[in-house]
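# Topology and contacts: notes
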Amino acid sequence: MAYYALFYDVVDDFIARRATHRDEHLRLARESHARSELVFAGALADPADGALLIFQGESPASAEAFARQDPYVKNGLVTKWRVRNWTVVVGNHPHAAYPEKRAAESA
């Protein structure tokens, strides 16, 4: 399966304006995560001018669908969004695949 990065550019006063829509946004994110579509998600900081959400799947469809139904997008807090294929070179295997890490954690 491939990875897809969903980038959000947000309004200048995003932190102040997101509260009204945050519960619904997080509900959608948690549901997507439970379906194993959304891998990681979070706001960019210093400055708080965007967000990055990483999806995994056969196509970018789940990332695009998420953006289209996200209340942040629907209510104008996201000024621009885009999905890009992300080629992961390191870290795309479960940590359990690394015996030296398991040995260090159990020591």
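The preceding data block contains the structure.
Residues numbered from 1 in each chain as written. Predicted model: local features only at pLDDT ≥ 70, side-chain atom pairs only at ≥ 80, totals over all residues. Heavy atoms only, no water.

## Let's talk about the overall build of the chain
The number of helices and strands found in the chain is 5 helices and 4 strands. The buried share among the 107 residues of the chain stands at 30%. Of the contacts formed within the chain by residues at least 6 apart in sequence, a portion of 71% connects residues at least 24 apart. By element, 53% of the accessible surface of the chain is carried by carbon and sulfur atoms, the whole surface being about 7100 Å². (Helix = DSSP H or I, 4+ residues; strand = E, 2+ residues; numbered from the N terminus. Buried < 20%, exposed > 50% of the residue type's maximum accessible area, 1.4 Å probe, protein only. Contact = heavy atoms within 4.5 Å. Areas by Shrake-Rupley, 256 points an atom, 1.4 Å probe, with all protein chains shown as cover.)

## Here we look at helix H2 (residues 19-34)
The end-to-end C-alpha separation of H2 is 23 Å, in line with the 22 Å expected for 16 residues at 1.5 Å each. Those residues of H2 that fall on the buried side of the exposure criterion are His21, His25, Leu28, Ala29 and Ser32. Each buried residue of H2 sits inside an arc of 100 degrees when the element is viewed along its axis, so together they form one side. More than 90 degrees from the buried face of H2, the exposed residues found are Ala19, Asp23, Arg30 and Ala34. In the segment just after H2, Ser36 is the residue with positive phi, at about 65 degrees. (Expected span 1.5 Å × (residues − 1). Arc of directions from axis to C-beta.)

## Focus: the side chain of Ser62
Along the polypeptide, Ser62 turns up in helix H3 (residues 61-69). Ignoring anything within four residues of it in the chain, the contact list for Ser62 reads Glu37 and Phe55.

On their own, these measurements won't tell you what the molecule is for.
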